[in-house]
Amino acid sequence: MAVMVIRVALPIPLRVHFDYLCDEQVSPGCRVLVPFGKRELIGIVWQLNPSDSYDAAQLKAVTQVLDQTPVLAAPIRQLLSFAADYYHHPLGDVLTSALPALLRDGKNADPVKGLSYSLTQAGKHLTEQQFKAAKKRLALWQQLQQPQTETQLLEHFQRKELQYFVEQGWALVTPVLYGPYQTADEQQKSLPLNPAQALAVTAVQQALGSFSCFLLEGVTGSGKTEVYLQAISPVVKKGGQVLVLVPEIGLTPQTLARFEQRFGVPVGVWHSNMTDLERFTVWQRSQTGDLAIVIGTRSALFLPFLKLDLLIIDEEHDNSFKQQDGFRYHARDLAIKRASIQGCPILLGSATPSLESLANVQQGRFAHLELPDRAAGQLMPTVELVDLKQQQMMHGMAGLTRQRIEQHLKLGQQVLLFLNRRGFAPALICHECGWMTECHRCSAFTTFHKQSRQLVCHHCGATKGVPHQCGGCGSTQLAPVGQGTEQLEEQLQQLFPTHTVTRLDRDSIRRKGSLQKALDQILQGEPQLILGTQMLAKGHHFPNVGLVVIIDVDSALYSNDFRAPEQLAQLLTQVSGRAGRGSQPGKVLLQTHYPGHALLQDVIQNGYASFARSALKERQQTFLPPFMFLALFRVEAHQLELCKEWLQKVADHYKDWPQVQLLGPLACPMERKAGKYRWQIQLFTKDRKQLHQSLDSVLTEVSRWSLSRKVKWQLDVDPQDLN
DNA sequence: AGCACGCCGACT
DNA sequence: GTCGGCGTGCTC
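Residues numbered from 1 in each chain as written. Chains lettered and ligands numbered in written order. Predicted model: local features only at pLDDT ≥ 70, side-chain atom pairs only at ≥ 80, totals over all residues. Heavy atoms only, no water.

- Chain A has the name Replication restart protein PriA in an unreviewed UniProt entry, where Rheinheimera soli is given as its organism.
- UniProt's Sequence similarities (unreviewed entry) comment on chain A is quoted here verbatim: "Belongs to the helicase family. PriA subfamily."
- Quoted verbatim from the Function (unreviewed entry) heading of the UniProt record, the comment on chain A is "Initiates the restart of stalled replication forks, which reloads the replicative helicase on sites other than the origin of replication. Recognizes and binds to abandoned replication forks and remodels them to uncover a helicase loading site. Promotes assembly of the primosome at these replication forks." (UniProt positions renumbered as here; feature names shortened; annotations may be inferred.)

**Quick word on the protein's contact with DNA strand B**
So, point 1. Surveying the vicinity of DNA strand B reveals the residues Ile-12, Pro-13, Arg-39 and Arg-709.
So, point 2. In the interface set of DNA strand B, defined as its atoms within 4 Å of the protein, sugar plus phosphate atoms amount to 60%.
So, point 3. Of the residues belonging to the surface near DNA strand B, the class tally is two nonpolar, no polar and two charged. (Near = heavy atom within 4 Å. Nonpolar A, V, L, I, M, F, W, Y, C, P; charged D, E, K, R; others polar.)

**Some words on the packing of aromatic side chains**
So, point 1. Following the criterion strictly, the structure yields 19 aromatic pairs and no others.
So, point 2. Judged by centre distance (6.1 Å) and plane angle (75°), the rings of Tyr-87 and Phe-327 are edge-to-face. A residue pair is termed long-range when its members are at least 10 positions apart, and Tyr-87 in the loop between helix H1 (74–86) and helix H2 (91–98) and Phe-327 in the loop between strand E14 (308–314) and helix H12 (331–342) qualify at 240 residues.
So, point 3. Note on Phe-327: relative accessible area 5%, which makes it buried. (Phe/Tyr/Trp six-rings, centres within 6.5 Å; stacked < 30°, edge-to-face > 60°. Helix = DSSP H or I, 4+ residues; strand = E, 2+ residues; numbered from the N terminus. Buried < 20%, exposed > 50% of the residue type's maximum accessible area, 1.4 Å probe, protein only.)

**What about the protein's contact with DNA strand C?**
So, point 1. Around DNA strand C, the surrounding shell holds 14 residues, and the nearest of these are Asp-19, Phe-36, Tyr-54, Lys-60 and Arg-709.
So, point 2. The sugar and phosphate moieties of DNA strand C supply 33% of its atoms located within 4 Å of the protein.
So, point 3. Within the contact set of DNA strand C, a phosphate oxygen lies 3.2 Å away from a backbone nitrogen or oxygen of Pro-35.
So, point 4. Here a base nitrogen of DNA strand C and a side-chain polar atom of Arg-709 are 2.7 Å apart. (Polar contact = N/O pair within 3.5 Å; in protein donor to acceptor, adjacent residues only side chain to side chain.)

**Digging into the nonpolar core**
So, point 1. Core analysis: the biggest nonpolar cluster contains 113 residues, and Phe-633, Trp-646 and Leu-695 have the highest contact counts within it.
So, point 2. Here the element with the most residues in this core is helix H19 (residues 598–621); it accounts for eight residues.
So, point 3. Filtering out sequence-adjacent residues up to four positions away, Trp-646 remains in contact with Phe-633, Val-635, Val-702, Trp-705, Leu-707, Ser-708, Val-711 and Trp-713.
So, point 4. If you look at the next biggest cluster of nonpolar residues, it comprises 30 residues, including Tyr-181, Ala-200, Val-235 and Ile-293. (Core = buried A, V, L, I, M, F, W, Y, C linked by side-chain atoms within 4.5 Å. Contact = heavy atoms within 4.5 Å.)

**Comments concerning the sheet that holds strand E26 (residues 501–504)**
So, point 1. A sheet is described by the order of its strands in space; here six strands give the open sequence E17-E29-E28-E20-E27-E26, paired in parallel fashion. This sheet does not close on itself; its edge strands, each paired only once, are strand E17 (382–387) and E26. Each strand of the sheet is rotated relative to its neighbour by a mean of 20°, with strand direction disregarded.
So, point 2. Bridge analysis of strand E20 (residues 414–418) against strand E28 (residues 545–550) gives five bridges, and the strand direction is parallel. Paired with Leu-417 across the strands is Val-549, a residue of E28.
So, point 3. Helix H18 (residues 564–576) contacts E17, E20, E28 and strand E29 (587–592) of the sheet and is inclined by roughly 160° relative to E28.
So, point 4. Those strands touched by H19 are E17 and E29, and its axis lies near 155° from that of E17. (Pairing = 2+ DSSP bridges. Axes fitted to C-alpha atoms, helices over the stretch in contact; angles between N-to-C directions.)

**Side note on the pairing of strand E10 (residues 212–218)**
So, point 1. Counting buried residues in E10 gives seven out of seven residues, a clear majority hidden from the surface.
So, point 2. Residues Ser-212, Phe-214, Leu-216 and Gly-218 line one face of E10 and the alternating positions Cys-213, Leu-215 and Glu-217 line the opposite face, and both faces are buried.
So, point 3. Bridge analysis of E10 against strand E15 (residues 345–350) gives six bridges, and the strand direction is parallel. Residue pairing in the sheet places Cys-213 in a bridge with Ile-346 of E15.

Written out as structure tokens, the structure is:
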């Protein structure tokens, strides 16, 4: 075999490939072991005989070819290349998201499911008499008349018996490989569909076989899942595979069970709490077609499939689809790219679609499927605003709020309260001089936690004891300001002493499994007052909840993040969906000082769909995404001057790119975090191509600056939040 | 990223 | 006199 040059992607944070000599048969997507400086690295063959190869005299040779067949097939490589280009992230880092740790470390990639034992010719020629009194061996021999898997045999025999047969040359061990799953003859009966659902299912089913995008907009309880299931049905009948992406909290055992029971085909899950071996197995089972359906979070997007025929993204508006560190990709956006590469349809579902997806509908890129009615015919919840201005407040609640809670409790219903602030109080304040407890490493106050007698910074995690004296004037008059869930729990307990109060936040569910326990209790109708943070807002359904109270919506109304209104509207709508799924229509109560706020009025009176359309118009007029493209450079350093200097160099570079508008350098909303200063520069443009070209050119420069080694910098393309 | 080389301060 | 701090260069 002639020597050839191969281009290899290596697991290093450099935006370049490295070329090597190789005299073995190898194809793109295979792993190779290569010398790299003083080290040896495992890389992926990216290209054979690149036209612009490195000086041939300086090339080193591949140490070892690790795969005969590619671990990354062409469609995945295409996706990864696209992602690395689009997010301007080093390919080596991108690869890390796509390969299970075991494969990155060089584990054999053969899809071995297990071992099979069968008799050799010598084994077949044995006779019963030869075993004499060895009853166990005789039994083994008899069972081996048909090939058996090792797992089957170990149920009845000891490993050393099996080894004995092999040593005698009587039995042969062969690997059993994973392979395409068996389609089920029968599926569980599907639920009857209403006309809108039927229309949606038909549309997706007819689109199978080529790329297309659907946005399924269905209010909470309108039966989106049944649409997913029936869209999946013909795919798994024909042996195709389906990838279902769900938000981080959306992956419950119930979801898995529902898919498994319905189709009777293998379903796998993929999430961040799996061991390396579990991941490796799911990865192999998807690659070989052994799994029909994989339900997973963000990074499941990169799983290999033998025959991917349909992608589904549930709760497509959810922020957890955007990775918030390192390789900052958006799983929804890359999933669309993947569907186009694979030539299959993709279905995005949400009760509160992102403005990005709605814009795609308006521009004709996505087909719009709507489910306007709650499937079981329940009524939508009614929303009431509680004007807090000049109200006699008690425990952070207006009189009307307390009355409503009481009414619903009397009816034997559960009441759900949202307060997006953990702890007892957001800070302690000095009664004499106004000094407040601050974190000295972050630009933030430290939250007072009463139970643990601690001040905790929710941004860097630092904890310290509660001071007895003011840090400013030495006074001992320190009092909590503001209200957190811990305090609200205490106050609710006092106000409603005969009712149980359950608090669900990160502090109360520390112990493993205690969340599930609390949720089960709630479903059984046990606790009557449930309060919690964000984590309660998503994904869970509480049929016995008659009233939902949002303690404080104001902080989101006047935020400097342009996405805050969208996120608030989504939260309000999602939360409203938690109430009244039983026979009674639910009720939602919003406490606000701004009852006349246009956003609140729009969402409440006209619903999310209407709000979203006016919000989109506003984004268009104010020159914001999705009508223009946004990227941002963020930089952190212990010295403020280094941050500014680095960003200034970026800004200077942009003088050559008049089509890209700059905002900044400016401090991040949280300027100091964990002892480091954080600054950013925002880049806006209507011309996506200009943005990407400019980023390519500035990044080449950035890598040359020695200053870049003294700061920690990152680039965020399509940032989800501007922190 | 990792690893080496190189040049300055405080110590067995 | 060395050990080791991190600034800088390099990896096909």
